[in-house]
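Chain by chain, the residues:
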Amino acid sequence: MDAVFGSSNKPFLFTMIALFFLLFALPCFIFVKERGNPNPREVFSLAMLRESTAETLRTIQSGRQYPGLVRFLVGRVFYTDPINTVISIMMLYTINVAEHTGLSHDQGEATGKLIMMTAISFAVVGGFAWGWTVDRLGPKRTLNYVLYLWVGVFLLAASVGILGLPLFTLYIVACSAGIALGGVWAADRPYMLRLTPPTRIGEFYGLYGMVGRFSAVTGPLIWAIVTRLTINSLGLAPNVGQGIGVLVLLALILVSYVILKPVTDEPRDWARLAAPQPANAVAAQ
């Protein structure tokens, strides 16, 4: 069984993942009926590319008239960057820490799988708990608490590599990271909804998604540069160099907290904000 589903047969695993993805997507293909578009456009053309780019720029510019919206999107870059990165590198980090403690690569990989499974399980539980918290305290305060938890997660994760803490400490990191990840899912979408005018939700949520895609690239790039410098240039052990990389990611969390601090989730008067502003008011801004 291990020869089939273990690390020695990755091509088979990728094939099975694709087949299961198709299997679970079939109900959507069969039962969900899409309404036709009365004015279909070309899938891709240079004119459409120019129009889409201009529309995105107009959306970003118009976001300034809605208090806190652009600031939230900028702050979101800084907290999704490290969070997405630490999830993607957790397996590699675990393997290096495990090998430093004397385990083999295969044993480290097996430990990494257990740690990832632990994080995912706690993320599901955390999502329910944080959802209740959002309903009680609001998305602003909830996201603040989530970021506090992430600070603790990053500090503990970095300490495992830099200070050589026992390997089981990573299970505590995984549990905490899973709970905190569920908090991000539960808080930042309602937070965005509080800041977005009801008539333009789809438009601004496009920017929200674009921010997430951007952070998926920049975070791993920052971590890779830091770990390369610390390991190759300074000659530090992989677990120590990667621990320093985690601390650099922690700094991004702190930057996001500072950026988001002035942004409130209080109800907005959308009718007033959507009204055209007098020329002197625009000039004063």
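Just so it is clear, the structure is predicted and the values come from calculations on it, not from any experiment.

A. Summary view of the nonpolar core. By size, the foremost hydrophobic cluster in this structure holds 53 residues, and its most contacted members are Phe-72, Tyr-79, Leu-143, Trp-150, Phe-154 and Leu-170. Those elements that provide at least two residues to this core are α4 (69-100), α5 (105-137), α6 (139-162), α7 (169-195), α8 (201-233) and α9 (238-260).

B. Main features of α6. Look at α6: 34 Å from first C-alpha to last across 24 residues, which is about the 34 Å you get at 1.5 Å a residue. The first or second residue beyond α6 is Gly-164, which carries a positive phi of 70°.

C. Expanded view of the packing of aromatic side chains. The full count for this structure, using the stated rule, is six aromatic pairs. Through successive ring pairs, a cluster of aromatic residues spans Tyr-145, Tyr-148 and Tyr-257. The cationic tip of Arg-76 hangs over the ring face of Tyr-208; the distance from NZ or CZ to the ring centre is 3.8 Å.

D. Spotlight on the side chain of Asn-239. Tracing the chain through its elements places Asn-239 in helix α9. Relative accessible area serves as the criterion here: at 4%, Asn-239 is assigned to the buried category. A distance of 3.0 Å separates the side chain of Asn-239 from the backbone oxygen of Gly-161, its partner in a polar contact. Residue contacts for Asn-239: discarding those within four places in its chain leaves Tyr-93, Asn-96, Val-97, His-100, Gly-161 and Ile-162.

What counts, and at which threshold
- Residues numbered from 1 in each chain as written.
- Predicted model: local features only at pLDDT ≥ 70, side-chain atom pairs only at ≥ 80, totals over all residues.
- Heavy atoms only, no water.
- Core = buried A, V, L, I, M, F, W, Y, C linked by side-chain atoms within 4.5 Å.
- Buried < 20%, exposed > 50% of the residue type's maximum accessible area, 1.4 Å probe, protein only.
- Helix = DSSP H or I, 4+ residues; strand = E, 2+ residues; numbered from the N terminus.
- Expected span 1.5 Å × (residues − 1).
- Phe/Tyr/Trp six-rings, centres within 6.5 Å; stacked < 30°, edge-to-face > 60°.
- Lys NZ or Arg CZ within 6 Å of the ring centre and 35° of its normal.
- Polar contact = N/O pair within 3.5 Å; in protein donor to acceptor, adjacent residues only side chain to side chain.
- Contact = heavy atoms within 4.5 Å.

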